[in-house]
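Observations on chain architecture
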Amino acid sequence: MLVIGGGGREHALAIGLAESDLVGSIHCCPGNSGTAKVGINHNLSLDDIDGIVKLAKNIKTDLVVVGPEGPLVAGLSDILTELQIPCFGPHSEAALLEGSKLHAKEIMNSLNIPTGGVIILNSESDIKQALSSFKPPWVIKRDVLAGGKGVVVTEEISEAEDFIIQSINTDDFVLLEEFLIGEEASMLVIMDESGYVCLPASQDHKRIGEGDTGLNTGGMGAYAPAPIVTPAVKQRVEDEIVGPMHHYLRNQDKPYRGVLYVGLMINEEGAPSVVEFNVRFGDPETQVTIPLIESDLAELLLATAEGRLSSIDPKFSNKSAVTVVLASKGYPKESLTGLPIKGADSQIEEGEIKAFIHHAGSDFNDQGELISTGGRVLAATAISSDLRSAVEAAYAVIDEIELDGSHYRRDIAFRAL
Ligand code: AMP
Ligand code: GLY
């Protein structure tokens, strides 16, 4: 198996795959210090699509699992499919659901999928009128892959105007979106042309600060299952969003084989709307979702990549999982990296409680010492029969980690608790 990417998500995928009897060996590209313990890392850039394809051929991989969106938008899945190498992750055209927010809006509107209204702005003269047609806070989205940095949500009209003007100058146009009120949740849906499977719903914590305050990040922690997604809400998500999207995607020329990440806003009445689609697993949602899949992960992902998902009936655990992200000093702005890390082997195994560390932005230096290499460095993940004891175990583990200037949120899972 070849896992593409090098974050906490890919460490979680590698661990899940390693538990399968079907899997002989795991290769990661580029991987991190966590995947190095599960398999073999290959130091290639994610932009080097030709290099990744060559690697897949050289190691005669049976399955490529693509973590991040970049290689999917760049066409990695298209090339692998042509070479008849099974790939979990959609082709480049479908990847535009994440690559272009305008494209995603157009598809949702054509399928009557609930989502916020939008105004496209391409001229400075329209800005004031457009801003007056929505109540604050204003949601402004660039139509590019920006790693979570292309969205501004603000009540400051001058900040809104500045970001709109700046975006029009660089990208020619920008989206001004209706602000959706409610609670967010993430629904990861594995799908191919034969069927779809909704994984346990999770909730990310996108803001840097406790109580969901401060700057947006890639995600500071997550838990699953998320009680906001009640059985009734889940049914609505399937009827109004997942079902129509699956119907649309299965009927395209090329089938969608991978995971569709549905970013949801659920209002007080339990009505879901789409905040965003991603064409990949979420990070850190994957770290709490994979451990709740009781069935063979390799079989599930391989069946999807081969278009025979409907032959699999995956089973899920009824436990709870939580993950708390430890970030470098400065994150989400400029992260201080290259610092030594201690305590990353911290773990708990007590009865039904299990807690351990997912590695993300960390690697071994030439002396074999663990050092920080990114913004989100490690994540303490815990699984237990109840969420509260999982949360306590995750914090007990993360408290053992020593990394100068590092920080983490103390309130992960607060909405559910
Ligand atoms: P996105 O990259 O589209 O997921 O946006 C990043 C974050 O901004 C989301 O996770 C939400 O917290 C927030 N956001 C985006 N769009 C909206 C919206 N229409 N209404 C409210 N919040 C939003
Ligand atoms: N955790 C948010 C994302 O993966 O997009």
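Owing to the predicted nature of the structure, the values given are computational and were not obtained by experimental measurement.

1. Points about the site of ligand 1
- Lining the immediate surroundings of ligand 1 are 15 residues, of which Glu177, Glu178, Leu180, Glu184 and Glu276 lie closest.
- In this structure, a nitrogen atom belonging to ligand 1 sits 2.8 Å away from a main-chain N or O atom of Leu180.
- Burial of ligand 1 by the surrounding chains reaches 92%, relative to a free accessible area of 470 Å².
- A class-by-class count of the residues in the shell around ligand 1 yields seven nonpolar, one polar and seven charged.

2. So, the site of ligand 2
- As a structural note, the neighbourhood of ligand 2 is formed by Asp204, Lys206, Gly218, Tyr261, Asn278, Arg280, Gly282, Asp283, Pro284 and Glu285.
- Between ligand 2 and Asn278, the relevant distance is 3.3 Å, taken from an oxygen atom to a side-chain nitrogen or oxygen of the residue.
- Protein chains bury 91% of the 200 Å² of accessible surface belonging to ligand 2 in isolation.
- Grouping the constituent residues of the shell around ligand 2 by class yields two nonpolar, three polar and five charged.

3. Some details on the sheet that holds strand β3 (residues 40–41)
- Strand order in this open sheet of five strands is β3-β2-β1-β4-β5, and the pairing throughout is parallel. Both edges of this open sheet fall to β3 and β5 (87–88), since each of them pairs with a single strand only.
- Sheet strands touched by helix α1 (residues 8–18): β1 (2–5), β2 (27–30) and β4 (64–66). Its angle to β1, the strand with the most contacts, is close to 170°.
- Against the sheet, helix α3 (residues 49–58) contacts β1, β2 and β4, and its axis sits at roughly 165° relative to β1.

What counts, and at which threshold
- Residues numbered from 1 in each chain as written.
- Chains lettered and ligands numbered in written order.
- Predicted model: local features only at pLDDT ≥ 70, side-chain atom pairs only at ≥ 80, totals over all residues.
- Heavy atoms only, no water.
- Near = heavy atom within 4 Å.
- Polar contact = N/O pair within 3.5 Å; in protein donor to acceptor, adjacent residues only side chain to side chain.
- Areas by Shrake-Rupley, 256 points an atom, 1.4 Å probe, with all protein chains shown as cover.
- Nonpolar A, V, L, I, M, F, W, Y, C, P; charged D, E, K, R; others polar.
- Pairing = 2+ DSSP bridges.
- Helix = DSSP H or I, 4+ residues; strand = E, 2+ residues; numbered from the N terminus.
- Contact = heavy atoms within 4.5 Å.
- Axes fitted to C-alpha atoms, helices over the stretch in contact; angles between N-to-C directions.

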